[in-house]
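# Structural description and commentary
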Amino acid sequence: MKFVHRIRDGEGKSNRPWVRLRAVKPARRGGITLRTRRFSILTVVAVVAASTMISLSSLSPAQASSSRSPRALINVKVLGGPRQFGINIRWSYYKESQHAFNSQAKATLNYVKSLGANSVAIAFNIYVSSPKSNTVIAGPGTPPPGLLGELSAVAKSAGLFVLLRPLITETNPKALWRGLIAPTNRTAWFRSYDNFLRPYFQTAQTNGVNEFAYSCELSSLATDSHWKSTVIPFIRKYYSGALMFDASWNPPGMRPMACETYGVDAYPAMALPDSASVRQIVAGWNAWMRRYPFLAATSKIYLVETGIAAQSRAYTHPSRHNWGTPIAPSIQAKWFQAACDFFNQYKFRSLYFWSTSFNKGPQLAPIGGAPADFQGQTPPVIKKCFTGS
């Protein structure tokens with residue numbers, strides 16, 4: 001079966017096998033520059049209980065690197081708490097001003113809270129220059145560790161469980177999906193991966209991040225012994241929270257793993273027409289589940305990502321997030337309802353829907369935005385799924 005990419009990082013980069021897409025470089029915001037300053041303490045975020053709206057005062061963007069010594073390890077691990085009902089926030093950093101950062105954080109987290117979510121997954125891009133590269137680097141939109149920590153702290157102050165998800169992306173816009181990378185020297189690659197993410201582990205610890213997905217959709221490296229022998233011990237020097245292995249929904253990424261929590265990015269293809277009922281879509285989810293019986297054998301499974309374009313034919317390839325056809329809100333709404341029913345059927349630990357953009361602001365209009373943004377019929381479905389009302 002040929003899989004089709006979806007665009008999900010906001011820059012036109014492709015993240016799924018095997019379609020090549022033209023890179024679209026986003027326009028810079030006119031007149032906005034980053035004000036460099038020493039790290040200052042976040043002002044307290046007030047959460048108004050009646051409206052669940054977030055009020056941000058003067059939050060200052062952090063320095064572009066984390067050069068300070070990490071705090072003593074604090075146990076922020078949360079494994080046995082409430083089930084997580086979350087929204088993925090995709091964030092590409094473009095040197096936003098303090099005002100822009102404050103505004104975007106407020107709007108995005110208010111929107112997440114309005115959907116009834118108790119959790120947020122912050123997805124951000126890190127890079128390799130080619131599939132065979134042995135070096136992990138920053139690239140377009142990679143947020144500074146300190147600023148990512150500030151956004152995490154704001155979300156925590158709003159009462160949200162916070163999961164961080166670094167997504168490997170290639171700097172070449174015509175390159176393959178992250179799950180197919182093949183570094184020529186795996187020992188060197190894992191060493192670079194550890195060292196690059198070290199300040200992110202440190203800021204996660206400092207700001208009380210609940211969980212860190214240390215591997216996201218890296219199918220070609222899923223069984224490598226370095227995860228257990230070097231990566232996890234390295235992380236534990238800097239971060240004491242929960243750790244997640246986050247797999248892709250299709251082979252070879254889906255396999256049993258010895259890990260604290262096992263996450264799945266789930267976009268199973270279904271041979272269903274646009275008119276399919278929610279029950280038929282749930283049956284499609286169950287057919288996919290039967291291929292991976294180990295998923296039903298543990299309560300540690302997290303559905304970390306699922307979404308779909310609100311367009312005709314989307315059920316046949318949910319990972320493709322733009323079909324170039326008119327918006328059809330019911331297609332997306334039925335998919336989200338079916339995902340919720342499937343999630344409850346197996347009593348998984350978490351369900352995170354994909355996604356809303358930190359950069360562009362949440363999709364609040366009844367119709368519009370990118371086809372995979374939450375369309376008019378979808379937010380009520382999400383809220384009912386998360387809150388029961």
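Up top is the structure these notes are about.
All of the points below concern the structure found in this document. (Residues numbered from 1 in each chain as written. Predicted model: local features only at pLDDT ≥ 70, side-chain atom pairs only at ≥ 80, totals over all residues. Heavy atoms only, no water.)

## Here we look at the overall build of the protein chain
The cut-off we apply is this: Numbered from the N terminus, helices here are DSSP runs of H or I no shorter than four residues, and strands are runs of E no shorter than two. Three exposure classes are used, based on accessible area relative to the maximum for each residue type with a 1.4 Å probe and protein chains only: buried under 20%, partly exposed in between, and exposed over 50%. The contact definition used throughout considers only heavy atoms, calling two residues in contact when any of these lie within 4.5 Å. Accessible surface area values rest on a Shrake-Rupley calculation with a 1.4 Å probe, where residue burial reflects the displayed protein chains alone.
Broken down by element type, the protein chain carries seven helices and 10 strands. A total of 389 residues make up the protein chain; the buried ones form 57% of that total. Expressed as a percentage of contacts within the protein chain between residues at least 6 apart in sequence, the contacts between residues at least 24 apart total 76%. Summed over its atoms, the accessible surface of the protein chain is roughly 15,500 Å², and 56% of this surface lies on carbon and sulfur atoms.

## Notes on the side chain of Ser357
In plain terms, the rule: Polar contact is defined as a pair of N or O atoms within 3.5 Å, subject to the rule that within protein one atom must be able to donate a hydrogen and the other to accept it, and that residues adjacent in sequence are counted only when both atoms are side-chain atoms.
You can see Ser357 is positioned in strand 10 (residues 350-357). The exposure class of Ser357 is buried, given its relative accessible area of 5%. Separated by 3.1 Å, the side chain of Ser357 and the backbone nitrogen of Asn359 make a polar contact.

## A closer look at the environment of Asn195
Of note, Asn195 is situated in helix 3 (residues 186-206). Each C-alpha atom of the pair Asn195 and Val231 lies 9.9 Å from the other, and the pair is 36 residues apart in sequence.

## As for unusual backbone geometry
At the junction of Trp354 and Ser355, the peptide bond is cis and its omega measures out at -5 degrees in the coordinates. Mapped onto the secondary structure, Ser355 falls in strand 10. Of note in the backbone geometry, Arg313 takes a positive phi value of approximately 75 degrees without being a glycine. The exposed category is assigned to Arg313, whose relative accessible area is 52%. Of note in this structure, Lys347 is not a glycine but carries a positive phi near 55 degrees.

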